[in-house]
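Structure assessment
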Amino acid sequence: AILLNILHYVYSDPDKHIREWLTAIGALVGGITGITAAANDPSIEASPLLFGGVLAFIGAGLGQFAATALSILAFLVLFLSQGPVGMVIRTAILNSN
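Residue indices follow the written sequence of each chain, beginning from 1 at its first position. Only residues with pLDDT of at least 70 are given local features in this predicted model, and only at 80 or more are side-chain atom pairs given and counted; all residues enter the totals for whole chains, interfaces and linings. Computation of side-chain values covers all heavy atoms of the structure but excludes hydrogens and water.

1. Brief notes about the overall build of the chain
- Per the secondary structure count, the chain includes 4 helices and 0 strands.
- Put simply, DSSP H or I for four residues or longer makes a helix, DSSP E for two residues or longer makes a strand, and each gets a number counted from the N terminus. Along the chain direction, N to C, the helices and strands of the chain fall in the order α-α-α-α.
- For the chain, the spread of C-alpha atoms along the principal axes amounts to about 60 × 30 × 20 Å.
- Relative accessibility under 20% of the residue-type maximum defines a buried residue, over 50% an exposed one, and the middle range a partly exposed one, all with a 1.4 Å probe and only protein chains included. In the chain, buried positions account for 21% of the 97 residues.
- Expressed as a percentage of contacts within the chain between residues at least 6 apart in sequence, the contacts between residues at least 24 apart total 55%. Residue contacts are counted whenever heavy atoms from the two residues lie within 4.5 Å of one another.

Now the structure itself:
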């Protein structure tokens, strides 16, 4: 029951904290990657801050994608936990211990 409550919270994300955090982490990683790549590679003509900004936007988009994928995955697990398929999955989990 605890796992189902956690999955329901991840799926519904009522306060949008998960989506905000994944977007921020994606933007941060993209920005750091862009600045590092532009500073270390002389073939990149653009300013390191400009290149870092572009990759930060791409990273934020990937963070949004990750949040959506996580929500869909939580929904699928909740969906599969119902009915006869869920009974088989719960039985397998309980018997594995």
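2. Overview of the layout of surface pockets
- Here a cavity is any set of points on a 1 Å grid over the protein atoms alone where a 1.4 Å probe fits but cannot get out, and a pocket is any open set with protein on both sides within 12 Å along at least 5 of 7 lines; a residue lines the site when it has an atom within 4 Å of a point. Grid points are joined across faces, edges and corners, and a volume is the space filled by probe spheres set on the points. A volume near 300 Å³ is recorded for the largest pocket.
- In terms of lining, the largest pocket is formed by 12 residues, of which the most central are Leu 3, Leu 4, Ser 81, Arg 90 and Ile 93.
- Elements represented by at least two residues in the lining of the largest pocket include exactly α1 (2-12), α3 (48-80) and α4 (83-95).
- Among the elements that make up the lining of the largest pocket, the one with the highest residue count is α4 (5 residues).

3. As for the side chain of Thr 23
- Summarising the element assignment, Thr 23 is placed in helix α2 (residues 17-40).
- The class of Thr 23 is buried, set by a relative accessible area of 18%.
- Every residue in contact with Thr 23, bar those within four places of it in the chain, is listed here: Ala 60, Gly 63 and Gln 64.

4. Here we look at a nonpolar patch on the surface
- Each patch is built from salt-bridge-free residues with over 30% relative accessible area, joining like charges within 9 Å and nonpolar side chains (Val, Leu, Ile, Met, Phe, Trp, Tyr) within 5 Å. Reported accessibility uses the Shrake-Rupley method at a 1.4 Å probe radius. Residues are deemed covered only where the shown protein chains occlude them. A side-chain nitrogen of Lys or Arg and a carboxyl oxygen of Asp or Glu constitute a salt bridge if their distance falls within 4 Å. Together, Tyr 11, Ile 72, Phe 75, Leu 76, Phe 79, Leu 80, Val 85, Ile 89 and Ile 93 make up a nonpolar patch on the protein surface, roughly 820 Å² of accessible area in all.
- For the nonpolar patch, the element with the most residues is α3, which contributes 5 residues.
- A relative accessible area of 40% places Leu 80 in the partly exposed class.

5. Describing the packing of α1 against α3
- Following both chains from N to C, one finds α1 and α3 inclined at 140 degrees, their axes separated by 8 Å at the closest point. Between α1 and α3, the angle is such that the two are oblique. Two packed elements cross with a definite hand, and for α1 against α3 that hand is left-handed. Seen from α1, the contacting residues are Leu 4, Leu 7, His 8, Val 10 and Tyr 11; seen from α3, they are Leu 70, Ser 71, Ala 74, Phe 75, Val 77 and Leu 78.
- For this scheme, ten residues count as nonpolar: Ala, Val, Leu, Ile, Met, Phe, Trp, Tyr, Cys and Pro. Four count as charged, namely Asp, Glu, Lys and Arg, and the remainder, Gly too, count as polar. Residue composition of the contact of α1 with α3, by class: 9 nonpolar, 2 polar and no charged. The axes are straight lines fitted to the C-alpha atoms, using for helices just the contacting stretch, and the angles between their N-to-C directions are given from 0 to 180°. Our angle categories are set so that under 35 degrees counts as roughly parallel, over 145 as roughly antiparallel, 65 to 115 as roughly perpendicular, and the remainder as oblique. Each crossing gets its handedness from the near helix: less than a right angle anticlockwise from the far helix is left-handed, clockwise is right-handed.

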